[in-house]
Amino acid sequence: MNVTVGSKDFTENILVGEMLAQAMTAEGANVTDRTDLGGTSVNRKALLSGDIDVYPEYDGTGWTVHLGQQDPSKTPQALFDATSAMDLTKNKITWVGLSPFNDTYGFAANGDLAKAQGGFDLQSMADYLKAHPEAKLCMETEFPDRPDGLTLFTKATGYQVPQSQIQILDTGLIYTETAKGSCQFGEIFTTDGRITALNLSLVKDPGVFILYNVSYTWKDAVFEKHAATYTKLADEILKPLDQKKMAELNAKVDVDGKKAKDVAAGYLKEIGLL
């Protein structure tokens with residue numbers, strides 16, 4: 001087996017890519033490790049062109065970005081089934097495995113503020129912003145304009161966040177500035193390990209944001225050569241990755257400063273694949 005494994009360039013996706021690369025190496029495959037390859041479009045183009053054979057992708061991204069569809073299912077398996085069927089038919093890409101964790105967009109509140117207010121859900125967050133015009137919501141550059149971003153919060157709560165309450169920051173700064181209280185709320189990813197490590201409180205989402213469960217996306221011609229082995233490894237790797245476990249692994253890299261390769265190896269040993 002000769003396989004080239006890619007991944008996106010953020011911690012969680014690198015970890016999930018490393019898990020597959022190392023597990024396949026242990027199975028005797030000749031693996032070229034190209035994890036941390038770049039962003040979504042870079043990996044997708046590399047997969048379609050055959051520069052890589054597989055990389056981890058999220059079903060919400062597959063449905064909305066790669067396939068250009070709207071109104072994704074709110075049920076993980078249904079979204080996976082629809083995305084995988086369409087992508088195989090249109091692009092000869094096979095989706096394999098499905099994680100329990102859902103790394104969707106969300107918001108975190110400053111921990112002290114959340115404690116004083118008794119916690120937040122999306123509506124009470126909107127009500128707080130409306131009542132406190134000096135409060136800040138910190139976000140990444142693209143979040144206000146993404147179809148799966150701030151617009152979903154606006155539609156769900158009826159509150160249009162004014163420009164005066166929006167502060168654009170780099171991803172890492174959103175977490176630290178919200179924890180310090182410079183931002184009352186910050187845009188986050190729900191499996192990020194910094195949520196529990198810092199002074200942050202997750203804002204409860206009743207299902208407003210799109211699902212982002214992860215699978216391995218394969219060039220179908222490569223996948224079919226050893227389909228049973230690749231499916232088995234994907235299931236063994238992904239099935240134990242619930243919200244708590246993925247956040248814990250992310251924190252080992254982003255908070256504790258460990259290398260992604262080492263964290264991935266430790267997880268594979270834990271589940272018996274190394």
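Shown above is the structure to which this text applies.
Residue positions within a chain follow its written sequence, with the count starting from 1. The predicted origin of the model limits local features to residues at a pLDDT of at least 70 and limits the giving and counting of side-chain atom pairs to 80 or more, whereas totals for whole chains, interfaces and linings rest on all residues. Only hydrogens and water are removed before side-chain values are computed, so all heavy atoms of the structure are retained for them.

By convention, a stacked pair of Phe, Tyr or Trp rings (six-membered ring in the case of Trp) has centres within 6.5 Å and planes under 30 degrees apart, an edge-to-face pair has planes over 60 apart, and any other such pair is tilted. One pass over the full model with this rule turns up 14 aromatic pairs. On the numbers, 5.0 Å between centres and 80 degrees between planes, the contact of phenylalanine 120 with phenylalanine 185 is edge-to-face. A residue pair is termed long-range when its members are at least 10 positions apart, and phenylalanine 120 in the loop between α5 (111-117) and α6 (122-131) and phenylalanine 185 in strand β8 (residues 185-189) qualify at 65 residues. Each member of the pair phenylalanine 120 and phenylalanine 185 is classed as buried. One aromatic cluster is present, built from ring pairs that chain together Tyr105, Phe107, Phe143, Phe153, Phe189, Phe209 and Tyr212. Counting from the N terminus, the helices are DSSP H or I runs at least four residues long and the strands are E runs at least two residues long. To sort residues, take the accessible area from a 1.4 Å probe on protein chains only and compare it with the maximum for the residue type: under 20% means buried, over 50% means exposed, and anything in between is partly exposed.

Quick look at the nonpolar core now. Throughout this description, the term nonpolar core refers to a set of buried Ala, Val, Leu, Ile, Met, Phe, Trp, Tyr and Cys residues connected via side-chain atoms within 4.5 Å. By size, the foremost hydrophobic cluster in this structure holds 63 residues, and its most contacted members are Phe153 and Trp218. Setting aside residues up to four positions removed in sequence, phenylalanine 153 forms contacts with Phe107, Leu122, Met125, Ala126, Leu129, Gly158, Tyr159, Val161, Val208 and Phe209. Leu47, Tyr55, Phe80 and Leu98 belong to the second-largest nonpolar core, a separate cluster that totals eight residues. In what follows, residue pairs with any heavy atoms lying within 4.5 Å of each other are defined as contacts.

Contact geometry for helix α1 (residues 11-26) and helix α11 (residues 227-238): axes closest at 10 Å, N-to-C directions at 130 degrees. In terms of orientation, α1 lies oblique with respect to α11. For the crossing formed where α1 meets α11, the hand is right-handed. Touching Val16, Met19, Leu20, Ala23 and Met24 of α1 are Tyr230, Leu233, Ile237 and Leu238, all from α11. Here the term charged refers only to Asp, Glu, Lys and Arg, the term nonpolar to Ala, Val, Leu, Ile, Met, Phe, Trp, Tyr, Cys and Pro, and the term polar to all other amino acids, Gly among them. For the contact of α1 with α11, the residue count by class is nine nonpolar, no polar and no charged. Axis lines are fitted to C-alpha atoms, over the contacting stretch for helices. Their N-to-C directions set the angle, which ranges from 0 to 180 degrees. Any angle between 65 and 115 degrees counts as roughly perpendicular, while under 35 counts as roughly parallel, over 145 as roughly antiparallel, and the rest as oblique. Note: crossing handedness is left-handed where the near helix turns anticlockwise from the far helix by less than a right angle, and right-handed where it turns clockwise.

This next bit is on the state of the cysteines. To count as a disulfide, a pair of cysteine sulfur atoms needs to be within 2.5 Å. All chains considered together, the criterion is met by one disulfide. Here cysteine 138 is linked by a disulfide to cysteine 183, with a sulfur-sulfur distance of 1.9 Å. Between cysteine 138 and cysteine 183, the S-S dihedral sits near -75 degrees, and the bridge is therefore left-handed. Residue cysteine 138 is found in strand β6 (residues 137-139), and its partner cysteine 183 is found in the loop between α8 (171-180) and β8; the two are separated by 45 residues along the sequence. A relative accessible area of 1% means that cysteine 183 is categorised as buried.

It is worth spelling out the pattern of salt bridges at this point. For side chains bearing opposite charge, pairing can occur when the charged atoms are close. Salt-bridge detection follows one rule: a side-chain nitrogen of Lys or Arg within 4 Å of a carboxyl oxygen of Asp or Glu. This model, assessed by the stated rule, comprises 12 salt bridges. In this structure, lysine 261 and aspartate 33 form a salt bridge, with 3.0 Å as the shortest nitrogen-oxygen distance. Placement of lysine 261 in helix α13 (residues 260-270) and of aspartate 33 in strand β2 (residues 30-38) is noted, with a sequence separation of 228 residues between them. We classify lysine 261 as partly exposed; its relative accessible area is 45%. Given the relative accessible area of 32%, aspartate 33 is considered partly exposed. Between arginine 44 and aspartate 87 there is a salt bridge; the shortest N-O distance is 2.7 Å. Of the two residues, arginine 44 sits in helix α2 (residues 40-49) while aspartate 87 sits in helix α4 (residues 76-91), which places them 43 residues apart along the sequence.

With that out of the way, let us pick up the environment of valine 203. Here valine 203 is to be found in the loop between β9 (200-202) and β10 (214-219). Sequence separation between valine 203 and methionine 139 is 64 residues, and the spatial gap between their C-alpha atoms is 15 Å. When neighbours within four sequence positions are excluded, valine 203 is seen to be in contact with Phe107, Ala108, Ala109, Phe120, Asp121, Leu122, Met125 and Phe185.

Time to look at the side chain of threonine 83. In this structure, threonine 83 sits in helix α4. Judged by its relative accessible area of 0%, threonine 83 is buried. In protein, a polar contact means a hydrogen-donor-capable atom and an acceptor-capable atom, both N or O and within 3.5 Å, with residues adjacent in sequence counting only if both atoms are side-chain atoms; elsewhere, any N or O pair within 3.5 Å suffices. At 2.8 Å, the side chain of threonine 83 and the backbone oxygen of leucine 79 are in polar contact. Sequence-distant contacts of threonine 83, that is, excluding residues within four places in its chain, are made with Asp59, Gly62, Trp63, Leu67 and Trp95.

Turning next to the sheet that holds strand β5 (residues 105-110). By this definition, two strands are paired if DSSP reports at least two bridges between them. Taken together, the five strands give an open sheet; going across it, the order is β7-β6-β8-β5-β9, and neighbouring strands pair in mixed fashion. A single partner strand is all that each edge strand has here, and the edge strands are β7 (166-168) and β9. Recorded for the sheet is a direction-independent mean angle of 35 degrees between the axes of neighbouring strands. When β5 meets β9, the two strands line up antiparallel, connected through three bridges. Considered in β9, the bridge of alanine 108 is made with leucine 202.

Remember, this is a structural readout, not a statement about activity or role.
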